[in-house]
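A closer look at the structure
Here is how the chains run, residue by residue.
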Amino acid sequence: MNIADLASTARALVAKGKGILAADESAPTIGKRFKAIGVPSTEESRRAYRQLLFATEGMEQFISGVILFDETIRQRADDGRPFARVLADRGVIPGIKVDTGAKPLAGFAGEKVTEGLDGLRDRLAEYRDMGARFAKWRAVIAIGDGIPSRACIGANAHALARYASLCQEAGLVPIVEPEVLMDGSHTIERCAQVTGGTLRAVYGQLYGQGVDLQGTLLKPNMVLSGKECPDQASVDEVAAATLECLRQAVPASVPGIVFLSGGQSSELATAHLNAMNALGDQPWELSFSYGRALQEHALKAWGGNAENGSAAQQALRHRAECNGAARSGSYTEAMEAAV
Ligand code: 13P
């Protein structure tokens, strides 16, 4: 591994005004998204949709990188270029999801551990040959009665560190994603406690496995009230609680923090990022790596109909631009009214 190259890719992914588009939905997940808009999920419909997203004019002003799924990195645009090449040609860094999903954790009902370490070294080498320069691995931590357990946090943190180390060996920047889910009726304080504990465990394991943090990015959840909590924290409270939690747990050598949206509305995910960046400089760049919060409106506008392509691209570009503005705390509600 050349740590200078990894660090420079990590910094490019969190360049000012830009963030990451997560388009790495697995076949079952994209199937769910397509079902919601009445579109059958086939290899061709998935290819057509991703081609549409990646052809969005001007996207590169606000999108530094795109995370692909295994099927997608093997697919080509109509002009014959592989998608990773399409992205790289316009200055967008291709990335790849490399975990194989969160599976039930034996002995711990209701908890999951993310799999995908077996054979990972060979898969990473193949993905790098196909043009990927960064990778993603998502661990899932649920909050509930008596959970998360130490066992769940420990197993996931260890797997994340093993993955990150293999990525650096292969010359890929690992995005380390421990997602504490927003499902449930827990308070924002409980989310802060679990997120803080998870992040401390993850950084302990990354240290233990010898991962160079300068060549990594963190993709955490924001600290939020549970979706069903009657007392929903305000945008400013979420911003303050998230920053407090991150400052206690994330070393300053990490170049950037790229939040997931996790089921927040597109507009709220932007407002939260904006509020954090409005609080002034932090030890790390604060950016986005949104899936749903970038694609929700574009998917709806598309509806599986090629004729709606430019409306879908406009919707994606608009959300990318709003989040680009949120990188510097200069997003305003008036930007939403503009469309
Ligand atoms: P969401 O922004 O939809 O949570 O997706 C981000 C992601 O990549 C989850 O792994």
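First, a word on what this report is: a plain description of the structure on this page. (Residues numbered from 1 in each chain as written. Predicted model: local features only at pLDDT ≥ 70, side-chain atom pairs only at ≥ 80, totals over all residues. Heavy atoms only, no water.)

1. Quick notes on the overall build of the chain
Rule in force here: Helix and strand labels come from DSSP, where a helix needs a run of H or I of at least four residues and a strand needs a run of E of at least two; each type is numbered from the N terminus. Based on C-alpha atoms, the radius of gyration is set beside the globule rule, defined as 2.2 Å times the residue count to the power 0.38. The buried label goes to any residue with under 20% of its type's maximum accessible area, the exposed label to any with over 50%, and the partly exposed label to all in between, with areas taken from a 1.4 Å probe on protein chains only. When checking whether two residues touch, look at their non-hydrogen atoms; a contact exists if any pair is within 4.5 Å. Here the Shrake-Rupley method, with its probe set to 1.4 Å, supplies the accessible areas, and only the displayed protein chains count as covering residues. None of His or the chain ends enter the tally, which takes Lys and Arg as positive and Asp and Glu as negative. Every charge is mapped onto a representative atom, which is NZ of Lys, CZ of Arg, CG of Asp or CD of Glu.
The secondary structure content of the chain amounts to 13 helices and 10 strands. In summary, the chain has a C-alpha radius of gyration of 19 Å against a globular reference of 20 Å for 339 residues, a match within 12%. For the chain, the proportion of its 339 residues judged to be buried stands at 55%. Look at the contacts in the chain between residues 6 or more apart in sequence, and 79% of them connect residues 24 or more apart. When the accessible area of the chain is evaluated, it comes to approximately 13,900 Å², of which 50% is carbon and sulfur surface. If the 35 positive side-chain charges of the chain are averaged to one point and the 39 negative ones to another, these points end up 3 Å apart.

2. Digging into the site of the ligand
For clarity, the cut-off: Here, proximity means that at least one heavy atom of the residue falls within 4 Å of the molecule or strand. Polar contacts, as used here, are pairs of N or O atoms within 3.5 Å; protein pairs need one atom able to donate a hydrogen and one able to accept it. Residues neighboring in sequence count only if both atoms are side-chain atoms. Just so you know the grouping, Ala, Val, Leu, Ile, Met, Phe, Trp, Tyr, Cys and Pro go in nonpolar, Asp, Glu, Lys and Arg go in charged, and all remaining residues, Gly too, go in polar.
With respect to spatial proximity, 13 residues lie near the ligand, and among them Lys-136, Lys-219, Ser-261, Gly-262 and Arg-292 are the closest. The contact in question runs from an oxygen atom of the ligand to an N or O atom on the side chain of Lys-219, over 2.7 Å. Within the backbone of Gly-291, a nitrogen or oxygen atom sits 2.8 Å from an oxygen atom of the ligand. For the ligand, whose accessible area on its own is 300 Å², the fraction buried by protein is 92%. Considering only residue class, the shell around the ligand consists of 3 nonpolar, 4 polar and 6 charged.

3. Things to note about the pairing of strand β6 (residues 134-141)
What counts is decided by this rule: Two strands pair if DSSP finds at least two bridges between them. Here a crossover is taken to be right-handed if, once the strands point away from the viewer, the path from the first strand over the helix to the second is traced clockwise.
A large share of β6 lies buried, amounting to 7 of its 8 residues. Strand direction decides the pairing type here: strand β3 (residues 93-97) and β6, joined by 3 bridges, are parallel. Each residue of the ladder has a partner; that of Lys-97, found in β6, is Lys-136. Here β6 pairs with strand β7 (residues 173-180) via 8 bridges, running parallel. Within β7, the residue paired with Ala-135 across the bridge is Pro-174. For the crossover from β6 across helix α7 (residues 150-170) to β7, the handedness is right-handed.

4. What to know about a negative patch on the surface
So the rule is basically this: The patch calculation keeps residues exceeding 30% relative accessible area without a salt bridge and links them within 9 Å when they carry like charges or within 5 Å when they are nonpolar (Val, Leu, Ile, Met, Phe, Trp, Tyr). Any carboxyl oxygen of Asp or Glu within 4 Å of a side-chain nitrogen of Lys or Arg constitutes a salt bridge here.
A cluster of acidic residues, Glu-189, Asp-231, Asp-236 and Glu-237, forms a negative patch on the protein surface. Structurally, the position occupied by Asp-231 is in the loop between β8 (217-218) and α9 (235-249).

5. Let's talk about the nonpolar core
Test applied: The set of buried Ala, Val, Leu, Ile, Met, Phe, Trp, Tyr and Cys residues whose side-chain atoms join them within 4.5 Å is what this entry labels a nonpolar core.
Core analysis: the biggest nonpolar cluster contains 95 residues, and Phe-54 and Val-66 have the highest contact counts within it. Counting residues in hydrophobic clusters, the runner-up holds 13 residues, among them Leu-6, Ala-10, Val-14 and Phe-134.

6. Examining the packing of helix α8 (residues 188-208) against α9
Using the following cut-off: Helix axes are fitted to C-alpha atoms over the stretch in contact, other axes to C-alpha atoms as well, and angles between N-to-C directions run from 0 to 180 degrees. Comment on the angle field: the value is read as roughly parallel under 35 degrees, roughly antiparallel over 145, roughly perpendicular from 65 to 115, and oblique elsewhere. Rotating anticlockwise by less than a right angle from the far helix to the near helix defines a left-handed crossing, while the corresponding clockwise rotation defines a right-handed one.
Axis separation between α8 and α9 bottoms out at 9 Å; the angle between their running directions is 25 degrees. One way to sum up the angle between α8 and α9 is to call them roughly parallel. Relative to α9, the crossing made by α8 is right-handed. Residues Ile-188, Ala-192, Thr-195, Gly-196, Leu-199, Arg-200 and Tyr-203 of α8 touch α9, and the partners they reach there are Glu-237, Val-238, Ala-241, Cys-245, Leu-246, Gln-248 and Ala-249.

7. Observations regarding the side chain of Glu-177
Inspection of the secondary structure puts Glu-177 in strand β7. By relative accessible area, which is 2% here, Glu-177 ends up buried.

8. Some words on the packing of aromatic side chains
So the rule is basically this: Each Phe, Tyr or Trp ring (for Trp, its six-membered ring) is paired with any other whose centre lies within 6.5 Å, and the angle between the two planes then decides the class: stacked below 30 degrees, edge-to-face above 60, tilted in between.
Counted under the stated rule, the structure contains 6 aromatic pairs. Each ring, one from Phe-34 and one from Tyr-49, has its centre 5.6 Å from the other, and the planes form 85 degrees; the classification is edge-to-face. Here Phe-34, found in helix α2 (residues 27-36), pairs with Tyr-49, found in helix α3 (residues 43-54); they are 15 residues apart in sequence, far enough to count as distant. Just as Phe-34 is buried, Tyr-49 falls in that class too. Here the aromatic residues Phe-34, Tyr-49 and Trp-302 are joined through ring pairs into a cluster of three or more.

Read these as spatial facts, not as claims about activity.
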